[in-house]
2 protein chains.
Amino acid sequence: MATYKPSIPKGTRDFSPIEMERRNYIFDTIKGVFRLFGFNQIETPSIENLSTLMGKYGEEGDKLLFKILNSGDFLKNVDNSLWENKELGPLTTKISEKGLRYDLTVPFARFVVQHRDEIQFPFKRYQIQPVWRADRPQKGRYREFYQCDADIIGSDSLYNEVELIQLIDEVFARLGIRTIIKLNNRKILAGIAEIIGEPDRLTDITVAIDKIDKIGIDKVNEELKERGLSHNSINKLKPILKIKGNNIDRIETLKKILKDSETGTKGISEIEKVLSISENIGLRAGIDLDVSLARGLNYYTGSIIEVKARDVEIGSITGGGRYDNLTGIFGLSDVSGVGISFGADRIYDVMNMLDLYPAESQAHNEILFVNFGEKESQVVFKIMKKLRNAGLTCEIYPDAVKLKKQLSYASARNIKFVAIVGEEEIKENLIVVKDMENSSQNKYTLEELIEKLAK
Amino acid sequence: MATYKPSIPKGTRDFSPIEMERRNYIFDTIKGVFRLFGFNQIETPSIENLSTLMGKYGEEGDKLLFKILNSGDFLKNVDNSLWENKELGPLTTKISEKGLRYDLTVPFARFVVQHRDEIQFPFKRYQIQPVWRADRPQKGRYREFYQCDADIIGSDSLYNEVELIQLIDEVFARLGIRTIIKLNNRKILAGIAEIIGEPDRLTDITVAIDKIDKIGIDKVNEELKERGLSHNSINKLKPILKIKGNNIDRIETLKKILKDSETGTKGISEIEKVLSISENIGLRAGIDLDVSLARGLNYYTGSIIEVKARDVEIGSITGGGRYDNLTGIFGLSDVSGVGISFGADRIYDVMNMLDLYPAESQAHNEILFVNFGEKESQVVFKIMKKLRNAGLTCEIYPDAVKLKKQLSYASARNIKFVAIVGEEEIKENLIVVKDMENSSQNKYTLEELIEKLAK
């Protein structure tokens, strides 16, 4: 029995104290920047009605939703034929009405529509919560992971894009992750589809283009062929995918190529404005116009943003874009928004790989009082109360065991100071403090100790 | 279509920015005190294997677990007879292997056993995460709510109880909630069962006693009778339930009544020690020995702690106790622990009812820059960058709309300062700042503004 070890579902994780400190460092940094830019926090329930979630993430997404079995007699009103014919789909909707949040965007759209009368538009909200996907777990992909989203909804101003790019730059500068911010515009992609003569195949084209980094141009062309694009169109597409030079060069080339497409031209002028203002304000990250940037999601209508780490191969660590009709799915149309989502767990992996945590975020400027037994502890409790009132973290070892054991507890817990209040110290009304880092030892009055540590 | 409003599952809630500020104030306060007392944070997955959760909360609890439908073909390997005969139990275990966390205690026990080789004992952990229960929603009872737990595991020292009581006192003092901390000891209850001649009926007795506040002593006696206790035993119990006086009187009375019960006597000496040390250190809350305090949970073996608010009728807002064998259910025996759980959502309700939020926790020392268009905005973005580098929250209204609209946005968002950088200000290289509270208006250089607000 004693050898039996319980486990957790695959794709989920426990986080130890050290891991939590590191994760909190990342979340607090992102949160701090969100606030600095005037975003306000909301939270939505982990559980949403499946009617809210289904059909919003494509067929594949519907499959990846974690569905919750109805409580009580989930079989009542279930027609036997559903079982007999194993009609999974209809059966599922009968026995399960609720599911776990799959991302923060759809619940946000639902929130905006549901509370539209209480919301002051433009609405700048941030949200940091876990999401769940019944994906096949693999390195860097989990079934429960955190998203950190910031969206501005109710304004189509491109200044919002500029602000979000500044925000991204600030977050990664603070975390110490060197990044490239990739920019594109869905209207440019639409223009491309138009001028190569495949205006209705935008999705096919973007889905294929999206893979160019992973599988290369030849395989993309193959896929486009499979998807039924004409040889002619694929040829017209090639030069566009090969656009080179700095952002200004790229814009100039695109202007020429897309001059006959009104949509495409609008897309270029939008991206030109966002790029020029952003560069004018100044960024620490690099920023690239990348026409191959499409992203899987199909609700983007304008700007598309993606962030990659320079020093690690791990794919996108942040992404977002503009959607002109996100809330339309819930009956509120013509509300334009733009948002970004930080992939906290990937960022956590990057931080670990590059060991970017500042020392102080892991130091424990903490005091452990040695436990010498009843009489001394009574004194220690009163001392601790005063220290805590001064905002200093301290604790007493709960049992009066050997000093050696208490000290090894302190070092294992990575506690910086060990305080000794024995018979003698009580007489002298002093506290002996041992610095575990350099094992120097000094005597202090309570006031001196507070002064020393308050620094 | 536009009138259709989406909804969320009953018993769940959306939290608006103002509500989030208030909730964060509560969570940050609790978190801060947990840290001050040397507790370290962990997190466990929202989803646990049902084998971990089932059977830990009693039959009723099993029913209230949210169960997740297996992904993919959940019908394969399901014997037809199960749903033909509507055998809900066995069918459920076939089609659902995972469930949502019901509390933080069982996952913590699972965590300790699973990671016992990495853990330094005594292990002081805190955990602040949501839990889910398919309970019938009602006022103050939700299907998704937060628990804030602190436990010390791997030590049977009563100093841990003392520390937790100090911690509780500190949290509610900081929140401004006047409380009474009720203390009891399971060994006292066992002693009582013993001396009234019903040693094996401890559970029946405690479950009944637990209701004394709600239904009164007569109904409790009825219930005890129904539960099959002898008239004689019930009579012996009466004086015990009527114990009066201050804590010292109560202890003296109990000592006499329980003198023939070894267990009972041990329980008294434990509670006597915890009470005397706590009172000696000093508490802002009242602390009462309450023999009627039993709490539903059956795993407590020693101290039992419950906190009630003085100024609101809402039941327990914090509870906990000592369990000598919590991890036994996962195969690791003889690990004693003691813990408490703050009911964040009830505390939130109390804070709202008594309106205990300090003004500063809701002030927005924030600047909105009026948007006058392209040229001015370019300047504003550079100013905002400098303000944010100084740690000051600011934003620009995204569209160059009428000033009136931009100002009403500021007041609706409860933004304290509105900054004006028009043509003239740009020439003078100054910023006009309007204080929305007293609508006073002044001109500043950037440096002056930073200095003014940094305070």
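Everything below is about the structure printed above this text.
Residues numbered from 1 in each chain as written. Chains lettered and ligands numbered in written order. Predicted model: local features only at pLDDT ≥ 70, side-chain atom pairs only at ≥ 80, totals over all residues. Heavy atoms only, no water.

Quick look at the interface of chain A and chain B
Then comes step 1: Contacts between the two partners involve 113 residues from chain A and, on the opposite side, 111 residues from chain B.
Then comes step 2: For the pair chain A and chain B, the summed buried area comes to about 9,600 Å², and 56% of that belongs to carbon and sulfur atoms.
Then comes step 3: If you look at where chain A meets chain B, you find 8 salt bridges.
Then comes step 4: Between Asp 14 of chain B and Arg 110 of chain A there is a salt bridge whose closest N-O contact spans 2.5 Å.
Then comes step 5: Here chain A is connected to chain B by 38 residue pairs in polar contact (both at pLDDT 80 or more).
Then comes step 6: Examining the composition of the side of chain A that touches chain B, we find that 9 residues originate from one element, helix H15 (residues 374-389) of chain A, more than from any other. (Contact = heavy atoms within 4.5 Å. Buried area = accessible area lost by both parts, 1.4 Å probe. Salt bridge = Lys/Arg side-chain N within 4 Å of Asp/Glu carboxyl O. Polar contact = N/O pair within 3.5 Å; in protein donor to acceptor, adjacent residues only side chain to side chain. Helix = DSSP H or I, 4+ residues; strand = E, 2+ residues; numbered from the N terminus.)

Quick word on the nonpolar core
Then comes step 1: Phe 34, Phe 342 and Ile 347 of chain B are the most contacted members of the largest nonpolar core, which totals 96 residues.
Then comes step 2: Within the second largest apolar cluster, 95 residues are counted, among which are Tyr 25, Ile 30, Leu 50 and Tyr 348 of chain A. (Core = buried A, V, L, I, M, F, W, Y, C linked by side-chain atoms within 4.5 Å. Buried < 20%, exposed > 50% of the residue type's maximum accessible area, 1.4 Å probe, protein only.)

Here's the deal with the packing of aromatic side chains
Residues and elements named next belong to chain A.
Then comes step 1: Applying the stated rule across the entire model yields 29 aromatic pairs over all chains.
Then comes step 2: Ring centres 5.0 Å apart and planes at 55 degrees place the aromatic pair Phe 27 and Tyr 146 in the tilted group. Of this pair, Phe 27 sits in helix H1 (residues 17-36) while Tyr 146 sits in strand S6 (residues 144-153), and the two are 119 residues apart along the sequence. Here the two residues Phe 27 and Tyr 146 agree in accessibility, since each one is buried.
Then comes step 3: Pairing Phe 34 with Tyr 126 gives two aromatic rings, centres 5.2 Å apart and planes at 45 degrees, and the pair type is tilted. One end of the pair, Phe 34, is in helix H1; the other, Tyr 126, is in strand S5 (residues 123-132), with 92 residues separating them in the sequence.
Then comes step 4: For Tyr 126, a relative accessible area of 1% puts it in the buried group.
Then comes step 5: Among the aromatic side chains, those forming a connected cluster through ring pairs are Phe 34, Phe 39, Tyr 126, Phe 172 and Phe 342. (Phe/Tyr/Trp six-rings, centres within 6.5 Å; stacked < 30°, edge-to-face > 60°.)

As for the relation of the copies chain A and chain B
Then comes step 1: If you rotate chain A by 180 degrees and push it 0.0 Å along the axis, it lands on chain B with an RMSD of 0.1 Å. Interpreted geometrically, this transformation is the action of a two-fold axis. For chain A, the residue whose C-alpha comes nearest the rotation axis is Ile 68 of chain A, separated from it by 2.2 Å.
Then comes step 2: Looking at the interface residues of chain A, 98% of them are also at the interface in chain B, so both copies use one shared face. (Least-squares fit on C-alpha atoms with pLDDT ≥ 70 in both.)

Some words on unusual backbone geometry
Then comes step 1: In this model, Phe 121 of chain A is joined to Pro 122 of chain A through a cis peptide bond whose omega is -5 degrees.
Then comes step 2: Within the element layout of this structure, Pro 122 of chain A appears in the loop between helix H6 (105-114) and S5.
Then comes step 3: Even without glycine at this site, Ser 439 of chain A takes up a positive phi of about 45 degrees.
Then comes step 4: Tracing the sequence through the fold places Ser 439 of chain A in the loop between strand S15 (431-435) and strand S16 (441-444).
Then comes step 5: In the Ramachandran plot, Asn 77 of chain B falls in the positive-phi region, its phi being about 55 degrees despite a non-glycine side chain.
Then comes step 6: Its location among the elements puts Asn 77 of chain B in the loop between strand S3 (67-68) and helix H4 (80-84).
Then comes step 7: Residue Asn 77 of chain B is classed as exposed on the basis of its relative accessible area of 62%.

As for helix H12 (residues 247-257) of chain B
Residue and element names in this part refer to chain B.
Then comes step 1: Among all positions of H12, only Asn 247, Ile 251 and Leu 254 are buried. Along the axis of H12, the buried positions cluster into a sector of 65 degrees, meaning they face one direction only. More than 90 degrees from the buried face of H12, the exposed residues found are Ile 248 and Lys 256.
Then comes step 2: Against helix H8 (186-195), helix H13 (262-281) and strand S8 (286-289) lie the buried residues of H12.
Then comes step 3: Of the residues that open H12, the one with a side-chain oxygen 2.9 Å from the backbone nitrogen of Ile 248 is Asn 246. (Arc of directions from axis to C-beta.)

Focus on the sheet that holds S5 of chain A
Residues and elements named next belong to chain A.
Then comes step 1: Spatial ordering of the open sheet is given by S1-S5-S6-S11-S10-S9-S7-S8, a layout of 8 strands whose pairing is mixed. Both edges of this open sheet fall to strand S1 (40-41) and strand S8 (286-289), since each of them pairs with a single strand only.
Then comes step 2: Looking at chain direction, strand S7 (residues 179-185) and strand S9 (residues 303-309) are connected through 7 bridges and run antiparallel. In the strand pairing of S9, Lys 182 is matched with Glu 306. (Pairing = 2+ DSSP bridges.)

With respect to the sheet that holds strand S7 (residues 179-185) of chain B
All names here are of chain B.
Then comes step 1: The 8 strands are arranged S1-S5-S6-S11-S10-S9-S7-S8 in an open sheet whose pairing can be described as mixed. Where the open sheet ends on each side, the last strands, each with one partner, are strand S1 (40-41) and S8.
Then comes step 2: Here 5 bridges tie strand S9 (residues 303-309) to strand S10 (residues 316-323), and the two strands are oriented antiparallel to one another. Note on S10: the bridge partner recorded for Lys 308 is Ser 316.
Then comes step 3: Running at roughly 50 degrees to S7, H8 makes contact with S7 and S9 of the sheet. (Axes fitted to C-alpha atoms, helices over the stretch in contact; angles between N-to-C directions.)

Describing a negative patch on the surface
Then comes step 1: Negative charge collects at one region of the surface, where Asp 79, Glu 84 and Glu 87 of chain A together with Asp 79, Glu 84 and Glu 87 of chain B lie side by side.
Then comes step 2: Relative to the elements of secondary structure, Glu 87 of chain A occurs in the loop between helix H4 (80-84) and helix H5 (88-95). (Patch = residues over 30% accessible without salt bridge, like charges linked within 9 Å, V, L, I, M, F, W, Y side chains within 5 Å. Areas by Shrake-Rupley, 256 points an atom, 1.4 Å probe, with all protein chains shown as cover. Lys, Arg positive; Asp, Glu negative; His and termini not counted. Charge placed at Lys NZ, Arg CZ, Asp CG, Glu CD.)

Overview of H5 of chain A
Then comes step 1: Considered for burial, the residues of H5 of chain A that qualify are Leu 91, Thr 92 and Ile 95 of chain A. End-on view of H5 of chain A: buried residues confined to an arc of 105 degrees, all on one side of the axis.
Then comes step 2: In this structure, the buried side of H5 of chain A is in contact with strand S3 (67-68) and H4 of chain A together with helix H5 (88-95) of chain B.

A few points about the pairing of strand S15 (residues 431-435) of chain B
Residue and element names in this part refer to chain B.
Then comes step 1: With respect to burial, S15 is a largely interior element, 4 of its 5 residues being buried.
Then comes step 2: Sheet topology note: the strand S14 (residues 417-420)/S15 ladder contains 4 bridges and is antiparallel. Paired with Phe 417 across the strands is Asp 435, a residue of S15.
Then comes step 3: Here S15 runs beside strand S16 (residues 441-444); their pairing, made up of 4 bridges, is antiparallel. When the sheet's bridge partners are listed, Val 432 is paired in S16 with Lys 443.

Observations concerning the environment of Gly 154 of chain A
Residue and element names in this part refer to chain A.
Then comes step 1: Positionally, Gly 154 belongs in the loop between S6 and helix H7 (159-175).
Then comes step 2: C-alpha of Gly 154 to C-alpha of Gln 120: the two residues are 34 residues apart in sequence and 9.1 Å apart in space.
Then comes step 3: For Gly 154, the residues in contact, after removing those within four places along its chain, are Phe 121, Pro 122, Val 335 and Ser 336.

Describing the side chain of Glu 270 of chain A
All names here are of chain A.
Then comes step 1: Mapped onto the elements of the fold, Glu 270 is located in helix H13 (residues 262-281).
Then comes step 2: Among the residues examined, Glu 270 registers a relative accessible area of 10% and is labelled buried.
Then comes step 3: At 2.9 Å, the side chain of Glu 270 and the side chain of Lys 266 are in polar contact.
Then comes step 4: With residues near it in sequence (within four places) discarded, Glu 270 still touches Leu 158, Asn 185, Lys 187 and Gly 302.

Observations concerning the pairing of S7 of chain B
Residue and element names in this part refer to chain B.
Then comes step 1: The element S7 is extensively covered by neighbouring structure, given that 6 of its 7 residues are classed as buried.
Then comes step 2: In terms of strand pairing, S7 meets S8 through 4 bridges, oriented parallel. Paired with Leu 183 across the bridge in S8 is Leu 289.

Focus: the environment of Glu 84 of chain B
All names here are of chain B.
Then comes step 1: Inspection of the secondary structure assignment puts Glu 84 in helix H4.
Then comes step 2: Overall, the relative accessible area of 49% leaves Glu 84 in the partly exposed class.
Then comes step 3: As for Glu 84 and Ile 287, which are separated by 203 residues in sequence, their C-alpha atoms are 57 Å apart.

So, the pattern of salt bridges
Then comes step 1: In total, this model carries 62 salt bridges over all chains according to the counting rule given.
Then comes step 2: Asp 169 of chain A is paired through a salt bridge with Arg 284 of chain A; the nearest N and O atoms lie 3.3 Å apart. Of this pair, Asp 169 of chain A sits in helix H7 while Arg 284 of chain A sits in the loop between H13 and S8, and the two are 115 residues apart along the sequence.
Then comes step 3: In this structure Asp 169 of chain A comes out as buried when scored by relative accessible area, which is 2%.
Then comes step 4: Residues Asp 135 of chain B and Arg 141 of chain B are paired through a salt bridge, measuring 3.4 Å at the closest nitrogen-oxygen approach.
Then comes step 5: Classification of Arg 141 of chain B by relative accessible area gives partly exposed; the value is 31%.

The values are spatial; any link to function lies outside them.
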